Amino acid sequence: MKKCFRLFLFALLGFGVFAAHAQPGLGGPKGPQFSGSLTKLFGDNTTFSAALEMQTKDGSAELVVPGKLAFDNGKSRFEMDITQIKGGKIPAGAAEQMKAMGMDSLVAISRPDKQVNYLVYPGLTAYVETESKDAESTDAVSKYKVNATEVAKETLEGHPCVKHKIIVTDDKGKTHESLVWNATDLKQFPIKIETAEDGTKITMRFKDIKLAKPDEAIFAPPAAFKQYANMMALMQEEIM
């Protein structure tokens, strides 16, 4: 049991590396975090669902996280299979051990409207709720300024795109620069986003994009699932 516990902690540390370098917009076990600067890159596309591959690269270190994303006016849900994550500092055997424990499937839900995040483990019919103190208010985000400059016209994943250099300036005057490929046949949806924070390159690629509004029920844990006070409590009970 101690070995299982150590492997799980190492796995979380691997995600932690991803989280530390994923601003704006990406989180470790939390999944994608749609900060105001990231949300602005989607323009009028305020509701959608898609397959998403998130990649961070810091020097020679690279982490790739595939999953499924649903978004609705700030609320987000990201489903991932931990065994499909590549790179990072997750040690050999950790993903397999988590699968054996029923913790390989993870759903990360972000609710900035309630200032909470949920980590849901379908295999355990369990979830953890955490406070999200840094959630930006709608009023603050409305003051963000967006400046877009066309760089080129390219075809990406079969979609005709206009590549833009976009600079978002937040309400405190801080700027966030990104390269964005807007698909002209998908209402200017940003099917690829590249940005960098603190020397780390971050790339988001979207496929199978649906612009319909997701079901509201998916942005909350199932009522029948057991809530734990924190991740440590969940891990200890499941490991025992």
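Use the structure listed above.
To keep things clear, this report deals only with the structure shown in the data block. (Residues numbered from 1 in each chain as written. Predicted model: local features only at pLDDT ≥ 70, side-chain atom pairs only at ≥ 80, totals over all residues. Heavy atoms only, no water.)

## Considering the overall build of the protein chain
- Helices and strands together make up the secondary structure of the protein chain, namely five helices and 13 strands.
- Looking at the 240 residues of the protein chain, the share that counts as buried comes to 46%.
- For the protein chain, contacts bridging at least 24 residues in sequence account for 52% of all contacts bridging at least 6.
- As displayed, the protein chain has an accessible area near 12,100 Å², and 51% of this comes from carbon and sulfur atoms. (Helix = DSSP H or I, 4+ residues; strand = E, 2+ residues; numbered from the N terminus. Buried < 20%, exposed > 50% of the residue type's maximum accessible area, 1.4 Å probe, protein only. Contact = heavy atoms within 4.5 Å. Areas by Shrake-Rupley, 256 points an atom, 1.4 Å probe, with all protein chains shown as cover.)

## Here's the deal with the pairing of strand β3 (residues 75-81)
- Among the seven residues in β3, five count as buried, and that is most of the element.
- In terms of strand pairing, strand β2 (residues 61-72) meets β3 through five bridges, oriented antiparallel. Residue Lys68 lies in a different strand from β3, and its bridge partner there is Glu79.
- With antiparallel pairing between neighbouring strands as the criterion, β2 and β3 make up a hairpin whose turn holds two residues, including Asn73 at a positive phi of roughly 50°.
- Here β3 runs beside strand β5 (residues 105-111); their pairing, made up of six bridges, is antiparallel. Looking at β5, one finds that Ser76 is bridged to Ser110. (Pairing = 2+ DSSP bridges.)

## Some remarks on the pattern of salt bridges
- According to the stated counting rule, one finds 11 salt bridges in the structure shown.
- Two residues, Asp72 and Lys213, come together in a salt bridge whose shortest N-O distance is 2.6 Å. In this pair, Asp72 sits in strand β2 while Lys213 sits in the loop between β12 (200-210) and β13 (226-228), placing the two residues 141 residues apart along the sequence.
- The salt bridge partner of Glu157 is Lys207, with a shortest N-O separation of 4.0 Å. Highlighted residues: Glu157 in the loop between β8 (145-156) and β9 (159-169) and Lys207 in strand β12, separated in sequence by 50 residues.
- The structure contains a network of salt bridges with shared partners spanning Asp72, Lys75, Lys213 and Glu216. (Salt bridge = Lys/Arg side-chain N within 4 Å of Asp/Glu carboxyl O.)

## Quick notes on the side chain of Arg77
- Structurally, Arg77 is set in strand β3.
- At 3.1 Å, the side chain of Arg77 forms a polar contact with the side chain of Glu79.
- Ignoring anything within four residues of it in the chain, the contact list for Arg77 reads Lys68, Leu69, Ala70, Val107, Ala108, Ile109, Ile218 and Phe219. (Polar contact = N/O pair within 3.5 Å; in protein donor to acceptor, adjacent residues only side chain to side chain.)

## Focus: the nonpolar core
- Core analysis: the largest hydrophobic core is formed by 45 residues, its most contacted members being Ile191 and Phe206.
- Apart from residues no more than four positions distant in its own chain, Ile191 is found in contact with Leu156, His159, Cys161, Trp181, Ala183, Leu186, Met204, Arg205, Phe206 and Ile209.
- Counting seven residues, the second-largest nonpolar core is a separate cluster that includes Val107, Ile109, Val116 and Val120. (Core = buried A, V, L, I, M, F, W, Y, C linked by side-chain atoms within 4.5 Å.)

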